[in-house]
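# Fold and geometry: a report
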Number of protein chains: 2
Amino acid sequence: MGRPKQFDPDVAVEHAMDVFWRKGYAGTTPQDLVDAIGIGKGSLYNTFGSKHALFERALRCYHDSQAVALIEMLDEPGPVKARLRKTLEFLAEMDLADPDRRGCMAVNTAAELAGTDQVATELVQRMFARTEDAFRALIEEGQRSGEIAPERDPAALGSLLLNTVVGLRLLARVTESPDRLVRVIDATVGSL
Amino acid sequence: MGRPKQFDPDVAVEHAMDVFWRKGYAGTTPQDLVDAIGIGKGSLYNTFGSKHALFERALRCYHDSQAVALIEMLDEPGPVKARLRKTLEFLAEMDLADPDRRGCMAVNTAAELAGTDQVATELVQRMFARTEDAFRALIEEGQRSGEIAPERDPAALGSLLLNTVVGLRLLARVTESPDRLVRVIDATVGSL
DNA sequence: TCAGTTCTTGACTTCAAGGTCAAGAATGGT
DNA sequence: ACCATTCTTGACCTTGAAGTCAAGAACTGA
């Protein structure tokens, strides 16, 4: 009952995610958000309560769309190392092709809000932990298939790969030529 | 001639660096800066011109103090791998021991301002390039001393180590236990 | 059709960010 | 002693960030 919403909150969150991703939390204004979403400020606050609450939803949206997509990409068929390389190359190309050079929203959020924003910090921690787990699982699969030496520690390699991705996506924000990222990917995959 | 300054601008920049490092560029207010420096707002703007100009000086100060210290640490005597391990462990311990979890100011700046702030972006690029060079030089030294296989590509390993450090310092901002960072360091040094 | 409810808009409010400026203080030169 | 110069302070200014609210629109059930 009552007047129905004239917009889809989930779509609005996606637009908000875009803005926060590009400009950061402090760098985004309510005006930016209503412009991007296409609603009035009243609707914005009536629906989401506060800038911070909307940011939290945007971060969760990022997790559900982007972070999960990464993990799913690792699950495709084929040899483990090839999948890994393809995923890393895909991330690097994607980041470099983005005209806004937004990189990874989780990485950006960690850099901006870790320590000062409990909620955001925990969400980022969860995304990182899941990514690390996915890499560890991939390593274990590679060990079962004989592609990766069984004496290597999967947890260590999982952490290493998480660290590699975090570094790559940060470096992608300030690196113009893809050479450096390609070298990182080559050296990383080659070390497995 | 004229009234002499009541404060040392270089010391003021160091204090400003502390604040920007902890709160980011957008998150820092002129009030934060005058409080940290201990001068009036007029002196602040009379001396530095703008918040952005002061940030630029703070970033250069970071480069001259922190980034250069890293590079010098790599130049100490001893076996190459031991030096590298010690440096990485030192960074990780330092970042985890910091109650504010500020991580690396260059990394934070890349995440916040890459793409939107030309000056800051270039300064960060320069810091990253110098660090990468120092790592490459270290690898080459290790190859001359026989510690590192001569067929490895020093440029690739330099990029890899830069990427590792960037990742470590970002992860240090959201990682509570040191285990993950230790695993990353072990796996990285072990792969050389 | 009317009552109750929920949504929408945008003007409005409050507060602070970023910066300016006038008044006066501390110097050196003459 | 006085002047030009530079520095210092804090009140002041303008703008915009973040959020609120009154008025009205669109819906549902009775």
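Please read all numbers here as calculations on a predicted model, not as lab measurements. (Residues numbered from 1 in each chain as written. Chains lettered and ligands numbered in written order. Predicted model: local features only at pLDDT ≥ 70, side-chain atom pairs only at ≥ 80, totals over all residues. Heavy atoms only, no water.)

### Structural notes on the UniProt feature "DNA-binding region" (unreviewed entry) in chain A
Here, UniProt's "DNA-binding region" (unreviewed entry) annotation points to residues 29-48 of chain A. Secondary structure across residues 29-48 of chain A divides into 80% helix and 0% strand, with the first and last C-alpha atoms of the span separated by 14 Å. (UniProt positions renumbered as here; feature names shortened; annotations may be inferred. Helix = DSSP H or I, 4+ residues; strand = E, 2+ residues; numbered from the N terminus.)

### A closer look at the interface of chain A and chain B
Residue-level contacts link 34 residues of chain A with 34 residues of chain B. Between chain A and chain B the total buried area reaches about 3000 Å² when both faces are included, carbon and sulfur atoms providing 64% of it. At the junction of chain A and chain B, the tally comes to four salt bridges. Of the charged contacts in the structure, one is a salt bridge between A:Glu132 and B:Arg180, with a shortest N-O distance of 2.8 Å. Ranked by residue count, the leading element in the side of chain A that touches chain B is helix α8 (residues 154-171) of chain A, at 12 residues. (Contact = heavy atoms within 4.5 Å. Buried area = accessible area lost by both parts, 1.4 Å probe. Salt bridge = Lys/Arg side-chain N within 4 Å of Asp/Glu carboxyl O.)

### Notes on the nonpolar core
Generally speaking, a soluble globular protein has its nonpolar side chains buried in company with each other. Counting residues in each nonpolar core, the largest one holds 132 residues, and the members touching the most others are A:Phe128 and B:Phe128. The biggest single contributor to this core is helix α4 (residues 51-74) of chain B, with 10 residues. (Core = buried A, V, L, I, M, F, W, Y, C linked by side-chain atoms within 4.5 Å. Buried < 20%, exposed > 50% of the residue type's maximum accessible area, 1.4 Å probe, protein only.)

### Here we look at the protein's contact with DNA strand D
Residues in close proximity to DNA strand D total 23 residues, the closest being A:Pro30, A:Lys41, B:Gly2, B:Arg3 and B:Gln6. The sugar-phosphate backbone supplies 68% of the atoms of DNA strand D found within 4 Å of the protein. Take A:Lys51: an N or O atom from its side chain is 3.0 Å from a phosphate oxygen of DNA strand D. Within the contact set of DNA strand D, a phosphate oxygen lies 2.9 Å away from a backbone nitrogen or oxygen of B:Gly40. Taken together, the elements giving at least two residues each to the surface near DNA strand D come down to α3 (41-48) of chain A together with α3 (41-48) of chain B. Class assignment for the residues of the surface near DNA strand D results in eight nonpolar, 10 polar and five charged. (Near = heavy atom within 4 Å. Polar contact = N/O pair within 3.5 Å; in protein donor to acceptor, adjacent residues only side chain to side chain. Nonpolar A, V, L, I, M, F, W, Y, C, P; charged D, E, K, R; others polar.)

### Focus: the relation of the copies chain A and chain B
Of the transformation superimposing chain A on chain B, the axial component is 0.0 Å and the angular component is 180°, with the fit at an RMSD of 0.0 Å. Taken together, the turn and the small shift mark the pair as related by a two-fold rotation axis. Within chain A, A:Gly167 has its C-alpha nearest the rotation axis, a separation of 2.0 Å. A high fraction, 100%, of the interface residues of chain A reappear at the interface in chain B, so the copies pair face to face through one surface. (Least-squares fit on C-alpha atoms with pLDDT ≥ 70 in both.)

### Let's talk about helix α7 (residues 118-144) of chain B
Residue and element names in this part refer to chain B. Between its terminal C-alpha atoms α7 stretches 39 Å, which fits the 39 Å expected from 27 residues at 1.5 Å a residue. The opening residue of α7, the one whose side-chain oxygen lies 3.1 Å from the backbone nitrogen of Val119, is Asp117. In the segment just after α7, Gly146 is the residue with positive phi, at about 85°. (Expected span 1.5 Å × (residues − 1).)

### Side note on α8(A)
Residue and element names in this part refer to chain A. If you check α8, its first and last C-alpha atoms are 25 Å apart, about what 18 residues at 1.5 Å a residue would give, namely 26 Å. Counting buried positions along α8 yields 17 of 18 residues, so the element is predominantly enclosed. The distance from a side-chain oxygen at the start of α8 to the backbone nitrogen of Ala155 is 3.0 Å, and the residue carrying that oxygen is Asp153.

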